[in-house]
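Here are the chains, one letter per residue:
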Amino acid sequence: MDDTDLVQWFYDSSDTDEFEQSIEMRLRRADAWADGAVFDPDTAREALRFRHDSRDGRLGYWTPELVREFLTEIVPERFTGGIEHYAHVPEALRTWLRFLEHAGALDPHGSDLSGLERAVDECAEDFPAAFAEPARWGPARIVAEAALASGIDPATPGGAERLNAFMADGHDSEATAAAVARQHERRLRNQRTPPLPAAEVPAPGRAAALASETEAVRAATAFLDWLGEGRAITQKGNLRKADAVALVELLGTGDDTESFASAADLPVLHWHTELVLGAGLARRVKQRLVPVAKHARLTRDPYALLLAAWEAEALWRPQRPGLFAARRDDDGSVLRLLVEALLGSACDIDLPVAEIRRRIAAAVYGDTDDPDDLRGMVVALTLYRDIDHVLTALHRFGAIESDREWEIDDEVGLADPAAEVSVRLTDLGRALLWTKRREAGLAAPALGELTGCPASVMLMSVVEHYGQDTGVEEIRRWLAAHGDDPAPLLEAIAANPFRTSQSAMLGAAADAVGPELLDRAGQDRRLAPIALMLGNLRGRLDLNVLMEGTETERAQAVLGIAEQILEMLEHLGPEGYAASVGDLPPESLEGMAALIAESGHPDRWLTGLFAEEAAPLLAGPGDRRRAGLEAARDRARHAKRRKKRPKKRRR
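Below is a short write-up of the structure.

Here is what the cut-offs are and how they apply
Residues numbered from 1 in each chain as written. Predicted model: local features only at pLDDT ≥ 70, side-chain atom pairs only at ≥ 80, totals over all residues. Heavy atoms only, no water. Pairing = 2+ DSSP bridges. Helix = DSSP H or I, 4+ residues; strand = E, 2+ residues; numbered from the N terminus. Expected span 1.5 Å × (residues − 1). Bend = angle between axes of the 7 residues up to and from the residue. Axes fitted to C-alpha atoms, helices over the stretch in contact; angles between N-to-C directions. Parallel < 35°, antiparallel > 145°, perpendicular 65-115°, else oblique. Left-handed = near helix turned anticlockwise from the far one by under 90°. Contact = heavy atoms within 4.5 Å. Nonpolar A, V, L, I, M, F, W, Y, C, P; charged D, E, K, R; others polar. Phe/Tyr/Trp six-rings, centres within 6.5 Å; stacked < 30°, edge-to-face > 60°. Buried < 20%, exposed > 50% of the residue type's maximum accessible area, 1.4 Å probe, protein only. Lys NZ or Arg CZ within 6 Å of the ring centre and 35° of its normal. Salt bridge = Lys/Arg side-chain N within 4 Å of Asp/Glu carboxyl O. Core = buried A, V, L, I, M, F, W, Y, C linked by side-chain atoms within 4.5 Å.

Moving on to the pairing of strand β8 (residues 422–425). Direction of pairing for strand β4 (residues 351–352) relative to β8: antiparallel, over a ladder of two bridges. Paired with proline 352 across the two strands is serine 422, which belongs to β8.

Encoded structure:
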């Protein structure tokens, strides 16, 4: 079988079709696990979509705030009808959160299950009133509720026509417009932010030591010492000229003070002034600049000072922004996030500034490689200056270092635009970026952070968010913290409800422990089929050869092949699986069904699903089989798997 994805708990924002395709099998497995608990597939489906449409896209990341948003905003917006039909939703969400924990998919950077269940209890009291409040309804619900109130039921004969006529006549257009605006605002707020890769992040003590040596911290400390109990400023809120000249010399900003009209005309000094203000170290009171006593502690905690200053948007845009910032109206924050993402993904690699410019320009404006293209010249004159300013701010924060002296002209960007300058993220830069991303609820894995997590959570996090090398390192650190015993890994893998996830977890664990782990897994009836399949894919054995061997060897081959078939079934669903193999000869399709039946595979739920739903689509000669396959293709066509997939399962 070709490499396929595990049942993922993170999808790229462009993979919406693939995500939607994965929902039904995920919900069916959860329903089987619930075993009498309150489970509602509609609630779970919307919970998945709610998280997929978020800034980070992690389906298993939940906090009490997200629980409240889902129950009091998302559900009232999207579910139509009386509360009597939806009173169960809070309990259904509780069941879904419990299933996430069972599957090892509850993200360790969010809240634990007990905290989430408390949030469900608290929100359950507010849920009925929130659900019934029209101001929370979405556009579709507003129309549907109005139609129902007018006696129009689309499900009755002629109901659809009456509904169309009702919509054409108009209804509460003001409420609908407000609902559309709310949805638009949420979409803007939830624009996907590129994830950062797993990386080694300095410990807090080292981060503080590194921060104390940065230009930003040294200048802020000297600025506050100079400020004393306060200084007079101009009516426009700028430093007086004499004070500006003194500060330029004290801080060593390099600004030209020979001829200037205002302190705002000194770009480096202006930047440091904005840092002091943005970090809350000082504020303007009437015509004085005074220190803020309650934030004085930041001067004794340089790392905290940088984190506070990071949020000052004025630091991330030039005094005279290019067209990009004005057109996007975002104060440079989008540009900063793009630059951060590029540097974060590069980690310890030198990244040419020209390459950073090219990638961001392509993301914003499209390809601008032709220097004679008018659009390319406009980008060079506007966007590049903004990019250079963001990089300069990162340099002053100590977040990046360059391979040559960093010279910036605030008016035009790099002082020598033709210079081939490369930058890389520093240890302090990783600490700052990873901390700020986490504060914003975004994914930023750090090596070694999972050693205190259960094995199931650690392995699922590794296969979802770590690369090959960092995944091996994380698992080995976990083992070192737990007596180097791989037994808990195997038990966690066996307990996962999804076969595709089990395969990915076992593959990742074998990468870290060694191939002998597959031999050990082969002794566990629950994992033996996966061990055989992975052994075949990794060249440790050949299932085709075993098929021709002894009775015992043939039984092993049947088990390994059955695993491949059932994992495809789990990934695609019965109809998707039938559509994917429908071109095989009838005898091959019948052979698959027979093989599954005789395999003795331990996952009785999946084998039962194959027998009850997939096999009938594949069985029978002539017209009946062709009709069944064609119907399956029609239903699965909209979710057909792509040839290029962003993430491959470990083998």
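Once that is clear, we can look at helix α27 (residues 551–581). Along its 31 residues, α27 runs just 28 Å from first to last C-alpha, ending more than 12% under the 45 Å computed at 1.5 Å per residue. Along α27, the sharpest kink reaches roughly 115 degrees, centred on glycine 573 and followed within four residues by the proline proline 574.

In this section: the sheet that holds strand β2 (residues 282–285). Pairing in this open sheet of three strands is antiparallel, and the strands run β1-β3-β2 from one edge to the other. Edge positions in the sheet fall to β1 (231–232) and β2, since each has one partner strand and no second. The pairing of β2 with strand β3 (residues 288–291) spans four bridges and is classified as antiparallel. In the sheet register, arginine 284 faces β3, and the bridge partner there is leucine 289.

On to unusual backbone geometry. With a phi angle near 55 degrees, lysine 286 is a residue other than glycine that sits in the positive phi range. The backbone of aspartate 484 sits at a positive phi, close to 55 degrees, despite the residue not being glycine. Here aspartate 484 lies in the loop between α21 (468–481) and α22 (487–495).

Further remarks concern the packing of helix α3 (residues 64–78) against helix α4 (residues 89–102). Their axes nearest at 11 Å, the elements α3 and α4 cross at an angle of 140 degrees. When the interaxial angle is binned, α3 and α4 end up oblique. As for the relative orientation of α3 and α4, their crossing is right-handed in sense. Seen from α3, the contacting residues are Val67, Phe70, Leu71 and Val75; seen from α4, they are Val89, Pro90, Leu93 and Leu97. Looking at the contact of α3 with α4, its residues break down into eight nonpolar, no polar and no charged.

Next up on the list: the packing of aromatic side chains. This model, assessed by the stated rule, comprises 18 aromatic pairs. Centre to centre, the rings of tryptophan 9 and tryptophan 96 are 6.4 Å apart; their planes meet at 50 degrees, and the pair counts as tilted. Placement of tryptophan 9 in the segment before α1 (16–34) and of tryptophan 96 in helix α4 is noted, with a sequence separation of 87 residues between them. Assigned by exposure class, tryptophan 9 and tryptophan 96 land together as buried. Aromatic rings pair up to connect Trp9, Trp33, Trp96, Phe99 and Phe498 into one cluster. Lying across the ring of phenylalanine 131, arginine 141 places its NZ or CZ 4.2 Å from the centre.

Next up on the list: the pattern of salt bridges. If you walk through the whole model with that rule in mind, you get 44 salt bridges. The partner of glutamate 313 in a salt bridge is arginine 336, with the nearest N and O atoms 3.1 Å apart. Within this pair, whereas glutamate 313 is found in the loop between α13 (302–310) and α14 (323–328), its partner arginine 336 is found in helix α15 (residues 333–346), the two being separated by 23 residues in sequence. Note on glutamate 313: relative accessible area 24%, which makes it partly exposed. Classification of arginine 336 as buried rests on a relative accessible area of 6%. As a salt-bridge pair, arginine 538 and aspartate 511 come within 3.2 Å of each other at their nearest N and O atoms.

Turning our attention to the sheet that holds β8. Strand order across the open sheet formed by three strands is β4-β8-β5, with antiparallel pairing between neighbours. A strand with exactly one partner marks an edge of an open sheet, and here the two such strands are β4 and β5 (400–402).

With that settled, the discussion passes to the nonpolar core. Core analysis: the biggest nonpolar cluster contains 76 residues, and Trp9, Trp62, Val67 and Trp96 have the highest contact counts within it. Sequence-distant contacts of tryptophan 96, that is, excluding residues within four places in its chain, are made with Trp9, Arg26, Leu27, Ala30, Phe39, Ala44, Ala47 and Leu48. With 72 residues, the next largest nonpolar core counts Leu269, Leu342, Ile356 and Ile360 among its residues.

Next up on the list: the environment of leucine 48. Tracing the chain through its elements places leucine 48 in helix α2 (residues 41–52). Since its relative accessible area comes to 0%, leucine 48 is described here as buried. Apart from the residues lying within four places of it in its own chain, the contact partners of leucine 48 are Trp9, Phe19, Ile23, Arg26, Leu27, Leu59 and Trp96.

All right, on to the packing of α22 against helix α23 (residues 499–513) then. Any two packed helices are characterised by how steeply their axes cross, that is the angle between the axes, and by the distance between the axes. At a minimum axis distance of 9 Å, the contact between α22 and α23 shows a crossing angle of 165 degrees. Considering the angle they form, α22 stands roughly antiparallel to α23. Two packed elements cross with a definite hand, and for α22 against α23 that hand is left-handed. Residue-level contacts link Leu489, Leu490, Ala492, Ile493, Ala494 and Ala495 of α22 to Gln502, Met505, Leu506, Ala509 and Val513 of α23. The residue inventory of the contact of α22 with α23, partitioned by class, reads ten nonpolar, one polar and no charged.

The analysis is restricted to geometry; functional conclusions fall outside its scope.
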